[in-house]
Amino acid sequence: MKVLLMGHPNVGKSVVFNRLTGANVIISNYPGTTVDYTKGYMKVKGKDFTVIDVPGTFSLEAKDKAEEVAVKMLEEEKDAVVICVVDSSKIERGLYLTLEIIERGYPVILALNMWDIAQDKSIHIDAEKLENILGIPVIPTIAINGKGIKDLVSKIKDATPVETDKILEKVGGKE
Amino acid sequence: MKLTVDERWDLIEKISKETVIFGVYKHTVKDAIGELTVKPLTGIPIAFAVLYGFWSFFGSFAGFFTDGFFVKLFDEHWLPWLQDVFPGGLGNWFYAIMVDAGHMENGILVASDNCFESFGVLTSGFFLAIGVVLPAIIAFYLILTLLEDTGYMPRLAVLIDTVLHKIGLHGFAIVPTILSLGCNVPAVTASRILETKKQRFIMMTLLAIFIPCGAQLGIMEEVIPDTIGFVLLYLFTGYFILGFILHKVLPGKSPEILIDVPPYQMPMLRDVAMKLWMRVKGFFKIAIPFVLLGCIIVNILYLANIIDWLANVLSPVLSGWFGVPKETVGPLIAAFLRKDLAVAQLSAIEMTKYQMITSVVLVSIYFPCVATFMMLLKEGWKDLLGSIAVLALVVFLYGGLLHLIWILLGVA
Amino acid sequence: MEKKLSEMIYDEEGIVKRIEGGLRERIAGMGIRVGKKVKMITKHPMKGPVVVVVDEARTSLGLSIAEKIIVEVKK
Ligand SMILES: Nc1nc2c(ncn2[C@@H]2O[C@H](COP(=O)(O)OP(=O)(O)OP(=O)(O)O)[C@@H](O)[C@H]2O)c(=O)[nH]1
Ligand SMILES: [Mg+2]
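Our subject in this report is the structure included herewith. (Residues numbered from 1 in each chain as written. Chains lettered and ligands numbered in written order. Predicted model: local features only at pLDDT ≥ 70, side-chain atom pairs only at ≥ 80, totals over all residues. Heavy atoms only, no water.)

Two modes of strand pairing occur in sheets, parallel and antiparallel, and in both the strands are linked by backbone hydrogen bonds. Ordered in space as 4(B)-5(C)-4(C)-3(C)-2(C)-6(C)-1(C), the 7 strands form an open sheet in which the pairing is antiparallel. Two strands in the sheet have a free side with no partner beyond their single neighbour: strand 4 (258-261) of chain B together with strand 1 (2-4) of chain C. The sheet shows a mean angle of 40° between the axes of neighbouring strands, direction not considered. Pairing geometry for strand 4 (residues 50-54) of chain C and strand 5 (residues 57-61) of chain C, over 5 bridges, is antiparallel. For V50 of chain C, the partnering residue across the bridge sits in strand 5 of chain C and is L61 of chain C. With respect to the sheet, helix 6 (residues 153-165) of chain B is in contact with strand 4 of chain B together with strand 4 and strand 5 of chain C, its orientation differing from that of strand 4 of chain B by roughly 140°. (Pairing = 2+ DSSP bridges. Helix = DSSP H or I, 4+ residues; strand = E, 2+ residues; numbered from the N terminus. Axes fitted to C-alpha atoms, helices over the stretch in contact; angles between N-to-C directions. Contact = heavy atoms within 4.5 Å.)

So, on to the interface of chain B and chain A. Contacts between chain B and chain A engage 52 residues on the former and 48 residues on the latter. With both sides pooled, the region where chain B packs onto chain A buries about 4600 Å², and carbon together with sulfur makes up 59% of that total. The tally of links from chain B across to chain A stands at 5 salt bridges. Residue E100 of chain A pairs with R8 of chain B through a salt bridge whose shortest N-O separation is 3.6 Å. There are 21 residue pairs in polar contact (both at pLDDT 80 or more) connecting chain B and chain A. When contributions to the side of chain B that touches chain A are tallied by element, the ones reaching two or more residues are helix 1 (5-19), strand 1 (20-22), helix 5 (121-150), helix 6, helix 7 (174-182), helix 8 (184-190), strand 4 and helix 12 (269-303) of chain B. (Buried area = accessible area lost by both parts, 1.4 Å probe. Salt bridge = Lys/Arg side-chain N within 4 Å of Asp/Glu carboxyl O. Polar contact = N/O pair within 3.5 Å; in protein donor to acceptor, adjacent residues only side chain to side chain.)

Taken together, 25 residues lie around ligand 1, and K13, S14, G32, T34 and D116 of chain A are the ones closest in. Residues within reach of ligand 1 are spread across chains A and B. The contact in question runs from an oxygen atom of ligand 1 to an N or O atom on the backbone of G32 of chain A, over 2.8 Å. N113 of chain A places a side-chain nitrogen or oxygen 3.1 Å from a nitrogen atom of ligand 1. Alone, ligand 1 offers 660 Å² of accessible surface; in the complex the protein occludes 98% of this. Mapped onto the shell around ligand 1, the elements with two or more residues apiece are helix 1 (13-21) and helix 4 (115-120) of chain A. Among the elements that make up the shell around ligand 1, the one with the highest residue count is helix 1 of chain A (3 residues). (Near = heavy atom within 4 Å. Areas by Shrake-Rupley, 256 points an atom, 1.4 Å probe, with all protein chains shown as cover.)

The next subject is the coordination of the magnesium ion (ligand 2). All names here are of chain A. In this structure, S14 (OG) and T34 (OG1) serve as the protein donors to the magnesium ion (ligand 2), at separations of 2.0 Å. In this pair, S14 is assigned in helix 1 and T34 in the loop between helix 1 and strand 2 (38-44), connecting sequence segments 20 residues apart. One exposure class covers both S14 and T34, and it is buried. (Donors = N, O, S within 2.8 Å, 3.2 Å for Na, K, Ca; no water. Buried < 20%, exposed > 50% of the residue type's maximum accessible area, 1.4 Å probe, protein only.)

Quick look at helix 5 (residues 127-134) of chain A now. Every buried residue of helix 5 of chain A is listed here: A127, L130, I133 and L134 of chain A. Viewed along the axis of helix 5 of chain A, the buried residues span an arc of 120°, placing them on a single side of the element. Against the buried residues of helix 5 of chain A lie helix 3 (91-103), strand 5 (108-113), strand 6 (123-125), strand 7 (138-140) and helix 7 (164-170) of chain A together with helix 1 of chain B. G135 of chain A occupies a position one or two residues after helix 5 of chain A and carries a positive phi of about 75°. (Arc of directions from axis to C-beta.)

Ranked by internal contacts, the top residues of the largest apolar core, which has 131 residues, are L169, F210 and Y239 of chain B. The element best represented in this core is helix 5 of chain B, accounting for 16 residues. When residues no more than four places from it in sequence are discounted, the contact partners of L169 of chain B are L164, L194, Q199, I202, M203, L206 and Y239 of chain B. Listed in part, the 47 residues of the second largest apolar core include M6, L130, V138 and V171 of chain A. (Core = buried A, V, L, I, M, F, W, Y, C linked by side-chain atoms within 4.5 Å.)

The subject of this paragraph is a nonpolar patch on the surface. Residue and element names in this part refer to chain B. Taken together, the side chains of I306, W309, V313, L314, V317, W321, L393, F396 and L397 present a nonpolar region at the surface, about 850 Å² in accessible area. At the level of elements, helix 13 (306-322) and helix 18 (381-409) are the ones that each hand at least two residues to the nonpolar patch. No other element matches the 6 residues that helix 13 contributes to the nonpolar patch. For V313, a relative accessible area of 45% corresponds to the partly exposed category. (Patch = residues over 30% accessible without salt bridge, like charges linked within 9 Å, V, L, I, M, F, W, Y side chains within 5 Å.)

Following this line, the structure appears as C-alpha cells:
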C-alpha cells in the first residue's frame with residue numbers, strides 16, 4: 001500500500017518521512033526544500049508500506065514545477081492513503097489543502113504537526129472534535145522529537161474517504 | 001463534491017470556530033530579529049555582513065586545513081613516498097598516469113615536487129579531492145546548513161528580490177543560486193521552485209554558465225588567492241548582464257515573489273550534522289570518480305599527443321581570440337569532467353596573471369561539468385539545447401571581452 | 001477606507017476586501033483571503049516586495065501581487 005505525505009511547504013513533511021522510513025532526506029527551514037518526490041519503505045504489523053515524500057504545495061492548483069510534481073503524484077496514486085501534514089500554528093490554511101484532498105476522494109489522515117509551536121503561540125486545537133467533524137483520524141505530532149508519530153502510523157488503516165456533505169452537515173450545512 | 005475557493009474558506013471558518021481557540025499572541029525576541037533582518041534599512045547591511053562572514057569563514061577554514069596540513073602531507077610525504085615505491089618510474093606510461101608525468105627542463109624529464117604539477121591519479125587526484133576540495137566543501141556546507149536551518153534564506157530572498165526582478169527572476173532564485181555555489185547539480189533541480197518556463201530557463205542557463213561550484217572555489221582560493229576576487233566579480237557581472245538580456249529577449253512571464261517567511265529557529269545539532277554528512281557524501285559520490293577519471297583521461301590524451309595536436313589546431317582561437325596559452329586545451333578538456341581539476345591543471349601552466357584570470361573564467365563558463373549536464377538533460381533536453389546555444393555565444397563574446405579589456409589596459 | 005495592500009504603510013492593519021483577477025486561486029492556500037486581517041511589516045523601495053502578517057504567518061508578496069489585493073483600513 002502507498003502512503004503519500006502531502007502538505008504546505010515547510011510544515012515538516014520530510015521530517016515525518018525520515019521518522020517513518022528511517023531515510024535521510026534533506027530538511028531545511030525554508031519552503032521548497034523538497035522539489036522531487038522520494039520513496040521510502042516501512043513495515044507496520046508485517047504489512048509493507050511505500051511512503052512517498054512529496055514536494056510542498058499550497059493548493060492543488062500548482063503554481064510552480066515543484067508543486068506540479070506534487071499534484072501529479074497525487075493524481076497518479078489513485079489508491080494511496082494521504083497523510084496531510086499541516087503546521088498547527090497555521091491550522092486554517094492547512095485545512096484548505098486537506099479539504100481539497102478530501103474532496104478528491106482520497107482517504108486522509110491529518111497530522112497536526114508543529115504542535116509545540118502552536119502551543120507556544122497559545123493556539124489550542126481540539127483534535128478530537130476536529131476528528132469528529134472531518135470524519136478522519138487527526139493526530140497532533142511534533143515531528144522533530146517524534147511525538148505522535150507512532151499514533152500516526154497506527155491510524156493509517158482507519159483512513160477512509162469522506163463526503164464533503166457530511167462535513168458540511170456537522171457544522172450546520174451550507175448557508 | 002468539490003467546493004469553490006470561497007465555499008472552502010467558509011467551511012474552514014466554521015470548523016475553526018468550533019475547534020480552535022486562538023490565545024493572545026506574545027511577540028518574542030525571535031520575531032523582533034525576524035523583522036530586523038527583513039526590513040531594508042537594517043536587513044541589507046546585515047545581509048552583507050552575513051555573506052561577508054560566509055566568505056571569510058570559507059576562505060580561512062579551507063586555507064587552514066589545506067595549507068596548514070594537506071599540502072605538507074601530500075607534497076612532503078605522500079608524493080615522495082609514491083615516487084619511491086611505485087613500480088615503473090619517470091617515463092613509464094603507467095607511472096605517469098598514476099603518480100607523476102614529470103615535465104621537461106632543458107630537454108630532460110624531471111620529477112615534480114608538488115601535487116599540483118604531478119598530474120597523477122594517486123597524487124594530484126587524491127590531493128585535490130581530499131586536500132583541497134574536501135575542506136572547502138565542508139566549510140561551505142556547514143555555513144549553508146546554518147543559514148538554511150535557522151530560516152535566514154527566505155529573508156535573503158526578500159531582500160534581494162528587487163535586484164533579481166530585473167533579470168526576470170525573483171528573490172527566491174537566491175536559493176538555487178546559493179546552492180549552486182556548493183554544487184550545480186542540486187541547484188538545477190532546485191530551479192523548480194520558480195514558476196514559469198522562462199524563469200527556469202534563465203535560472204538554469206545562468207547557473208550552468210556563471211556560478212562556480214564549491215570545489216572550484218576551493219581550488220581557486222588555493223591557486224589564485226590574489227585574483228579570485230576579480231574572477232568572481234567578472235562572473236557575477238556576467239550573471240546579471242546575461243540575465244538582463246535573456247529577460248528582455250525571451251517571451252513568457254516573470255511572476256513576482258510569493259513566499260512564506262518562516263520564523264527563526266535554533267538549528268538542531270543532529271540535523272546539521274546529518275545534513276552536512278549527506279551532502280559531503282553526495283559530493284564525494286559525484287566528485288571522486290570524475291576527478292580520478294579526469295586525471296586518467298587527460299594523462300592518456302597527453303601521452304598519446306592528442307593534447308598537443310589539439311593545442312595546435314585550436315591555437316588561433318585560444319591565443320588569438322582569448323589570449324591564453326594554447327596549452328590550456330588540456331585543462332579545458334578536464335573541465336568537461338571536473339572544473340576543480342581543470343583549475344588545478346591551469347596552475348601548472350606557465351602564463352601571466354592576466355592570462356590566468358582569463359583561463360579560469362573560460363574554464364568556469366565554457367561548459368557545465370558532466371554531472372550538471374546530465375541534470376540539465378533530466379530537466380528537459382530542449383531547454384538544454386537552448387542553454388548550450390546561449391553558452392556558446394557567451395563564451396565567445398564574454399571570454400573575448402576579457403581579452404579586449406587586457407589589451408586596452410596594455411597588459412595582454 | 002479602501003486601499004490596495006501595496007499602499008498600506010508600515011504597521012498598518014487592514015481587512016482583506018477583495019482579491020482581483022486570477023490571483024485568488026494562486027494565493028488561496030496561503031491564508032490570504034477575504035475577511036482576513038493583514039498587517040504590514042515592511043515595504044521594500046524601488047518596487048520591491050512587501051511582507052505582511054496574516055494569522056501570525058509572515059508572507060512576502062511582490063508589489064504587483066500586493067496591488068491586486070484590496071483592503072479596508074481604519075480611518
Ligand atoms: N518546532 C518544530 N519544528 C518542526 C517540526 N517539524 C518540522 N520542524 C521544522 O520545520 C522545518 C521544515 O521541515 P521540513 O521537513 O523540511 O519541511 P517540508 O514540509 O518537507 O518542506 P518542503 O520540503 O519545503 O515542502 C525544519 O526546520 C524542521 O526542523 C515540529 O513538529 N516542531
Ligand atoms: Mg521536504
